[in-house]
Amino acid sequence: QALIKDLYRNTESYIEQVVQLSGWIRTIRDSKTFGFIELNDGSFFKGVQIVFDEQLENFKELTKLPISSSIRVKGDFIYTPQAKQPFEIKATEIIIEGTSNVDYPLQKKRHSFEYLRTIAHLRPRTNTFNAVFRVRSLASYAIHKFFQDKGFVYVHSPIITGSDTEGAGEMFRVTTLDMDNLPKNEEGKTDVTQDFFHKETNLTVSGQLSAEAFALAFRNVYTFGPTFRAENSNTARHAAEFWMIEPELAFAELPDIMDLAEEMVKYVIGYVMEQAPEEMNFFNSFVEKGLLDRLNLAHTADFGRVTYSEAIELLKNSGETFAYPVEWGLDLQTEHERYLCEKIFKRPVFVTDYPKEIKAFYMRLNEDNKTVAATDLLVPGIGELIGGSQREEREEILAEKIKELGMSEEDYWWYLELRKYGGTKHSGYGLGFERLIMYLTGMANIRDVIPFPRTTGNAEF
Ligand code: 4AD
Ligand code: MG
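Residues numbered from 1 in each chain as written. Chains lettered and ligands numbered in written order. Predicted model: local features only at pLDDT ≥ 70, side-chain atom pairs only at ≥ 80, totals over all residues. Heavy atoms only, no water.

## What about the overall build of the chain?
Alright, step 1. Of the regular secondary structure elements, the chain holds 13 helices and 16 strands.
Alright, step 2. A principal-axis box enclosing the C-alpha atoms of the chain has dimensions of 85 × 60 × 45 Å.
Alright, step 3. Considering the chain as a whole, with its 461 residues, one finds that 49% of them fall into the buried category.
Alright, step 4. In the chain, the share of contacts with a sequence separation of at least 24, taken over all contacts with a separation of at least 6, comes to 67%.
Alright, step 5. With an accessible surface of roughly 22,700 Å², the chain has 50% of that area assigned to carbon and sulfur atoms.
Alright, step 6. Computing the positive centroid from 52 side-chain charges and the negative centroid from 70, the chain places the two 5 Å apart. (Helix = DSSP H or I, 4+ residues; strand = E, 2+ residues; numbered from the N terminus. Buried < 20%, exposed > 50% of the residue type's maximum accessible area, 1.4 Å probe, protein only. Contact = heavy atoms within 4.5 Å. Areas by Shrake-Rupley, 256 points an atom, 1.4 Å probe, with all protein chains shown as cover. Lys, Arg positive; Asp, Glu negative; His and termini not counted. Charge placed at Lys NZ, Arg CZ, Asp CG, Glu CD.)

Below, the structure written as structure tokens:
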């Protein structure tokens, strides 16, 4: 059994060989005595041409096969170096495995990505999605390899949690209570102690707090798993279910994790360009012109570094008019983030030291008492790819903050204890995996880099 990817990569070793392939018919046409099949086998985003003729006993039956039928082919490898296709297979035997139907939705024409989302169970059969999901697989392996080679410990943080790490209140509730018949307590409120976990629980928005506990035992750890946010923002960059990579390092300060993040992004770019050069060229030609230049630049150039306060000045003095206001104290919007990395720095850039009011409770307060040791990595075409920070290791300041924000102190007792027992400075970041795949492939919508995306109003498949 040969794989089409190998026929393309090691073409010359197949000269004068008999090969056996199995796959699905992408296109089929015939004249009276012979026919052509473009066969895809999933190993590559491109197919191979199969030539068959009336010498095959099932010739008539073959000519009637609808596209997407599955077959097994045995044939001679014909080397055609001058032709557009460098080789083809002259079939000596074709076995029909499964026929299809003429109403198969993926007929040979260009379908819009919007349409393909409505048939997410079939779209992995297209060239584009074959390439996207292969790169997704390779990138996830690259990330594990990057951290494992450095001796980081992979931590499986819980999916069901009682805490709201980001404090944004964008959580999906997890409950076994009967919604039509909720138990009430004396105050007339839902009695959550009667729920499965005897408390309110939700799907995790981030594995960070668990990662911190493990970092204070193992030093360098990372999580890589699904996270969930009930953000009602219907954008091309937000999903309700997405994967996050969260390294956490003990004895590390903000610049240490910025260096690590830069090294990691460069490593993953290098890895996919090396392992999937054909797919990357395909994206460069058909998805985003200039993709490879953009990635090569990010792979070689130093990322920019700028403080939030400097960034605000740069945006104010840019002469550009933005839809949202630019003012010290306000959060950067996607348009500002993109302007910074696309127009001013023209490459990925870290923004650091944001006002404490617009960032999460756990970030370390700077000496100025106004900003926190936080960083976002902004990249062209996307905006925010990474959010990270040095964590507040001072127990009193952290406890004060939790109180100030009206967070439930009982829920964070263990998190505070990490500061009490051998607490040390530590830092980490979270990288949105889907946004990384968009960045690597040029795909413009997050729905097109997730096998079965979950967004508002969409949990089909
Ligand atoms: O900036 P965020 O909210 O940071 C955290 O969750 C921290 N606990 C991470 C840490 O320090 N360990 O999210 C991190 C990244 C964002 O930069 C973005 O790339 C991605 O997660 N992200 C999303 N991706 C897709 N859909 C969403 N709804 C996302 N929300 C965040
Ligand atoms: Mg963020």
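Now that the structure is up, let's keep going.
## Here's the deal with the pairing of strand β5 (residues 87-98)
Two faces make up the sheet, and in a regular strand the side chains alternate between them.
Alright, step 1. Of the pairings in the sheet, the one linking strand β3 (residues 48-53) to β5 comprises 2 bridges and is parallel in character. Residue pairing for β5: isoleucine 50 is matched across the bridge by isoleucine 89. (Pairing = 2+ DSSP bridges.)

## Structural notes on the sheet that holds strand β10 (residues 220-228)
Alright, step 1. As summarised here, the arrangement of the 8 strands in space is β6-β10-β11-β16-β15-β14-β13-β12, forming an open sheet in which the pairing is mixed. One side of each edge strand has no neighbouring strand; the edge strands of this open sheet are β6 (153-154) and β12 (304-307).
Alright, step 2. Two strands pair when backbone bridges link them, and β6 and β10 are joined in this way by 2 bridges, in the parallel orientation. Note on β10: the bridge partner recorded for tyrosine 154 is tyrosine 222.
Alright, step 3. Sheet strands touched by helix α9 (residues 308-316): β12 and β13 (349-355). Its angle to β12, the strand with the most contacts, is close to 95°. (Axes fitted to C-alpha atoms, helices over the stretch in contact; angles between N-to-C directions.)

## Digging into helix α5 (residues 208-218)
Alright, step 1. Residues Gln208, Leu209, Ala211, Glu212 and Ala215 constitute the buried set of α5. End-on view of α5: buried residues confined to an arc of 155°, all on one side of the axis.
Alright, step 2. Summarising the contacts, the buried residues of α5 are in contact with β10, β11 (241-250), α12 (413-420) and β16 (426-432).
Alright, step 3. Arginine 219 occupies a position one or two residues after α5 and carries a positive phi of about 80°. (Arc of directions from axis to C-beta.)

## Quick look at the nonpolar core
Alright, step 1. Counting 91 residues, the largest nonpolar core has Leu7, Ile50, Ile94 and Phe147 as the members making the most contacts within it.
Alright, step 2. Here this core gets 12 residues from one element, more than from any other, and that element is helix α6 (residues 254-275).
Alright, step 3. When near neighbours in sequence (up to four residues on either side) are disregarded, leucine 7 contacts Ala2, Tyr14, Val19, Leu21, Val48, Phe77, Phe87 and Ile89.
Alright, step 4. Leu209, Met363, Tyr412 and Leu418 belong to the second-largest nonpolar core, a separate cluster that totals 31 residues. (Core = buried A, V, L, I, M, F, W, Y, C linked by side-chain atoms within 4.5 Å.)

## Regarding the sheet that holds strand β9 (residues 201-203)
Across a sheet, paired strands are connected by hydrogen bonds in the backbone, their directions being either parallel or antiparallel.
Alright, step 1. Taken in spatial order, the 3 strands make up an open sheet running β7-β9-β8, and their pairing is antiparallel. Of all strands in the sheet, those bounded by a partner on one side alone are β7 (160-161) and β8 (173-174).
Alright, step 2. Taken together, the 2 bridges between β8 and β9 define a ladder with antiparallel strand orientation. By the bridge assignment, arginine 173 is partnered in β9 with asparagine 202.

## A closer look at the confidence of the model for the chain
Alright, step 1. Here the chain shows a mean pLDDT of 96. Residues at 70 or above account for 100%.
Alright, step 2. The complex model carries a pTM of 0.97, and its ipTM stands at 0.99. (pLDDT = per-residue confidence, 0-100.)

## Things to note about unusual backbone geometry
Alright, step 1. Despite not being glycine, glutamate 16 has its phi angle at roughly 65°, a positive value.
Alright, step 2. Structurally, the position occupied by glutamate 16 is in the loop between α1 (4-9) and β1 (18-30).
Alright, step 3. Phi at arginine 219 takes a positive value of approximately 80°, unusual for a residue other than glycine.
Alright, step 4. Along the polypeptide, arginine 219 turns up in the loop between α5 and β10.
Alright, step 5. The exposure class of arginine 219 is partly exposed, given its relative accessible area of 48%.

## Considering a nonpolar patch on the surface
Alright, step 1. On the surface, a cluster of nonpolar side chains totalling about 370 Å² of accessible area is made up of Ile159, Ile160, Phe196 and Phe197.
Alright, step 2. Structurally, isoleucine 160 is set in strand β7. (Patch = residues over 30% accessible without salt bridge, like charges linked within 9 Å, V, L, I, M, F, W, Y side chains within 5 Å. Salt bridge = Lys/Arg side-chain N within 4 Å of Asp/Glu carboxyl O.)

## Things to note about the pattern of salt bridges
Alright, step 1. Counted under the stated rule, the structure contains 24 salt bridges.
Alright, step 2. Of the charged contacts, one joins arginine 136 and glutamate 434 as a salt bridge, the two residues approaching to 3.0 Å between their closest N and O atoms. Of the two residues, arginine 136 sits in helix α4 (residues 127-149) while glutamate 434 sits in helix α13 (residues 433-441), which places them 298 residues apart along the sequence.
Alright, step 3. Using a relative accessible area of 1% as the deciding quantity, one classes glutamate 434 as buried.
Alright, step 4. Put simply, glutamate 253 and lysine 425 hold a salt bridge, and the shortest N to O gap is 2.5 Å. Placement of glutamate 253 in the loop between β11 and α6 and of lysine 425 in the loop between α12 and β16 is noted, with a sequence separation of 172 residues between them.
Alright, step 5. On the accessibility criterion, glutamate 253 (34% relative accessible area) is partly exposed.
Alright, step 6. In this structure, a network of salt bridges that share partners links the residues Asp259, Glu262, Lys266 and Arg305.

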